[in-house]
Protein chains: 2
Amino acid sequence: MSVLVDNIGELVTNDDGEGLLGLRRDVAVVIEGERIAWIGPAAQAPAADQRIDAGGNAVLPGFVDSHAHLVFAGDRAAEFGARMAGEPYTGGGIRTTVAATRAATDDELRRNAGRLVAEALRQGTTTIEIKSGYGLNVDDEARSLRIARELSDETTFLGAHVVPAGSDPGEYVDLVRGPMLEACAPYAKWVDVFCDRGAFDEDQTRAILTAGKQKGLSLRVHANQLIEGPGVRLAVELGAASADHCTHLSSADVDALVNSETVATLLPGAEFSTRSPYPDARRLIDAGVKVALATDCNPGSSYTSSMPFCIALAVRDMRMTPAEAVHAATAGGARALRRDDIGRLRVGARADLIVLDAPSHLHLAYRPGVPLIKQVLHSGVPSNHPAAAPNSTEGPLS
Amino acid sequence: MSVLVDNIGELVTNDDGEGLLGLRRDVAVVIEGERIAWIGPAAQAPAADQRIDAGGNAVLPGFVDSHAHLVFAGDRAAEFGARMAGEPYTGGGIRTTVAATRAATDDELRRNAGRLVAEALRQGTTTIEIKSGYGLNVDDEARSLRIARELSDETTFLGAHVVPAGSDPGEYVDLVRGPMLEACAPYAKWVDVFCDRGAFDEDQTRAILTAGKQKGLSLRVHANQLIEGPGVRLAVELGAASADHCTHLSSADVDALVNSETVATLLPGAEFSTRSPYPDARRLIDAGVKVALATDCNPGSSYTSSMPFCIALAVRDMRMTPAEAVHAATAGGARALRRDDIGRLRVGARADLIVLDAPSHLHLAYRPGVPLIKQVLHSGVPSNHPAAAPNSTEGPLS
């Protein structure tokens, strides 16, 4: 099965082309099965079984959301309302979601996560990382990851999200890096630790990440969201793919990131929803740090699944250019997941494409809040079929 | 034709019920034709020809967007990009859109405005005000309003948007309040003036509004967006339904609004897209001023059609509670248009309803950027039919 996508107003390749986004015009794309088989001048496009007319609109790589917490039950709308009335975000509300998640059936967790994956796909997200972290015991962490693995190949063991109520921190760290890791590793690609005030300190973080690495997992770190701390430097030292949040950074943190392969993943939805100061994206980008944008979708501090919304915030409130923001939401996310088959449109890449309802990638920031995703192809399959309607669940996003 | 809407998780009535939003639970709504015929306990709901199962979700009045500029051609994505790179917003770019609008055919203008009305409807907006203001000569202002009137009953003559390039300001004011008003009044309900730095001063504004009033039009004013000035006080003095923007207010301005029937219409999309400080909504609300939220949808300073986005900004960045923001986007907008048949759900009101993809109105702020509008009824007619798909145009919103 081959598909020709033509009448493209602007193609964002993140590869050969103009500027950071590798923009190309007057080109067409041919997909064979799950992969991109050809990109070239529209006039020379080969024949294909099907045709998608992009209507003169922009075509982009599907968004890569490299940071999301989707396996949970319940919501925290009331906590959100209280915070908007002035209460600070401390991360303590995570325990509310832990109680609801433990009480939920597998099917409830699967339905809720599947609903969010489908919602993200409708908004152009063709790859989404999914973390555990609301189970916080061996069985509930393991089942969270089993369910996450049904929906994505990018699964992350985050037993070290917070110390559960009533547990001794030292004993909990031993549990996480021992039996919990043992039970979870078969379903996880990544291990992650929330290294911050009120969560895990440097030694605890190092112990858990090191154990995870020995178990064959790759590393990512929740770092420096609430205060300056050791998280970012530890992420770099241990070779983590990404240090996520990066809201409070010292000069040493920035230097460490510059001289590393660790991506700084910025999550402006969290600052939006906790009414906190945004990370200084300009400082990072101007220093040469590799940056990704992700949603941090979770019921406590950032209940958005919208990558376009994060792009608009990144431009308005973090002073990224529209091109930088779009790049960070696609190629940046792919790099944060150490993937080279997604986040770019080139021959051999997975055929994850978005057709916008707009002529340019600029409109993702220029038209904030407007649903601009007209069509999504995921592994070559158009998802604007009936199954993409609200409340349906989709197959896995990986 | 009667329709029963039941299985409602939360009904926002803006009428009898709990709190500012008049919240009711365990109720059903019956629609007869274009109007609400019955609201009462779900167990006592009468039979109807059709049933809409709200699925336990929240049901709200349709949004009332009381400030939008939809009759124009072209876009200003490049200007937006430049502004995000640091150039200030001066309003001067309006002239770019004027040139494109004058050069467009009627059909081009009609298609573009219709596209935006349809886009707004998909996002829950069942009433949208539409201004002229990109013609700036007699013929182009009059045709802008003829086209606007095809799409909405809430049409506003804004010949006094800016003095067109090359015109003498005094002569232009005489044109606006003379022949242009004469040609436009048949298609307009409202007259509006941009009273601000670089636009029209107090005397000019007074002269135009007074002439419009004598012609039978009701008044609204673009006031105090860029600097403190006479706009708000003039709006109150002349009995305008709304003073729009209200970003820079003196204590005298606030006092004037408190003791008036003039609504302060806040347009946070404009501050978002021009990276300007937001209006102080708390100061206004705490003083007792009546507040509305609207999009200011226009290609220069706020190219969003999304009332949910404006609600999320109002909560995050203007410190309105979710209830205040939802009220301002529904009942507030209705008041800013001096309408009592919309913006509330009560017997006799127009059957404009939104079914959210969420259990509570809180989610409009709690889930920013996520398309949460599951179904819209406009004058009793469900709009989730094929005609509501992207790029279609809809019937008039009034």
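Residues numbered from 1 in each chain as written. Chains lettered and ligands numbered in written order. Predicted model: local features only at pLDDT ≥ 70, side-chain atom pairs only at ≥ 80, totals over all residues. Heavy atoms only, no water.

J.: Would you explain the pattern of salt bridges in this entry?
T.: Opposite charge on two side chains lets them pair, provided their charged atoms get close. Overall, the coordinates contain 54 salt bridges over all chains when judged by the stated rule. Measuring nitrogen to oxygen at the nearest pair gives 2.9 Å for the salt bridge that ties A:Arg282 to A:Glu324. Of the two residues, A:Arg282 sits in helix H10 (residues 281–287) while A:Glu324 sits in helix H12 (residues 322–336), which places them 42 residues apart along the sequence. Judged by its relative accessible area of 22%, A:Arg282 is partly exposed. For B:Glu154, the salt bridge is made with B:Arg339, and the minimal N-O distance between the two is 2.5 Å. With B:Glu154 in the loop between helix H4 (138–151) and strand E11 (155–160) and B:Arg339 in the loop between helix H12 (322–336) and strand E17 (353–356), this pair connects stretches of sequence that are 185 residues apart. B:Arg339 sits in the buried class, given a relative accessible area of 17%. When salt bridges that share partners are traced, they join A:Glu129, A:Lys131, A:Asp192 and A:Arg220 into one network. (Salt bridge = Lys/Arg side-chain N within 4 Å of Asp/Glu carboxyl O. Helix = DSSP H or I, 4+ residues; strand = E, 2+ residues; numbered from the N terminus. Buried < 20%, exposed > 50% of the residue type's maximum accessible area, 1.4 Å probe, protein only.)

J.: Even after reading the chapter, I still don't get the sheet that holds strand E7 (residues 58–61) of chain B, so can you show me in this structure?
T.: Strand-to-strand pairing in sheets goes through backbone hydrogen bonds, with the strands running parallel or antiparallel. Within the open sheet, the six strands sit side by side as E3-E2-E7-E17-E18-E19 (chain B). Their pairing is mixed. The sheet terminates laterally at strand E3 (23–24) and strand E19 (381–382) of chain B, the two strands that pair on one side only. (Pairing = 2+ DSSP bridges.)

J.: Would you mind going over the pairing of strand E4 (residues 27–32) of chain A with me for this structure?
T.: In summary, the side chains of a regular strand alternate between the two faces of the sheet. All names here are of chain A. With five of its six residues buried, E4 lies for the most part within the structure. Where strand E1 (residues 2–6) lies against E4, four bridges are found, and the strand directions are antiparallel. Bridging across to E4, valine 5 finds its partner in valine 29. Across six bridges, E4 lies against strand E5 (residues 35–41) in antiparallel orientation. From the neighbouring strand, valine 30 faces E5, where its bridge partner is tryptophan 38. Taken together, E4 and the strand that follows it, E5, pair antiparallel across an intervening segment of two residues, in which glycine 33 is found at a positive phi of about 65°.

J.: Teacher, can you tell me more about the side chain of A:Ser260 here?
T.: Residue and element names in this part refer to chain A. Among the secondary structure elements, serine 260 is positioned in the loop between helix H8 (251–258) and strand E15 (263–266). Within the structure, serine 260 has its side chain in polar contact with the backbone nitrogen of threonine 262 (distance 3.0 Å). Setting aside chain neighbours within four positions, we find serine 260 in contact with Val236 and Lys290. (Polar contact = N/O pair within 3.5 Å; in protein donor to acceptor, adjacent residues only side chain to side chain. Contact = heavy atoms within 4.5 Å.)

J.: Which parts of the structure should I look at to understand the packing of H4(B) against helix H5 (residues 169–184) of chain B?
T.: If you want to describe how two helices pack, look at the angle between their axes and the distance between the axes. Residues and elements named next belong to chain B. Between H4 and H5, the least distance of the axes is 9 Å, while the angle of their chain directions is 40°. With respect to their mutual orientation, H4 and H5 come out oblique. Along this stretch, H4 crosses H5, giving a crossing that reads as right-handed. Contacts from Val138, Glu141, Ala142 and Leu145 of H4 reach H5 at Leu175, Pro179, Met180, Ala183 and Cys184. By residue class, the composition of the contact of H4 with H5 is eight nonpolar, no polar and one charged. (Axes fitted to C-alpha atoms, helices over the stretch in contact; angles between N-to-C directions. Parallel < 35°, antiparallel > 145°, perpendicular 65-115°, else oblique. Left-handed = near helix turned anticlockwise from the far one by under 90°. Nonpolar A, V, L, I, M, F, W, Y, C, P; charged D, E, K, R; others polar.)

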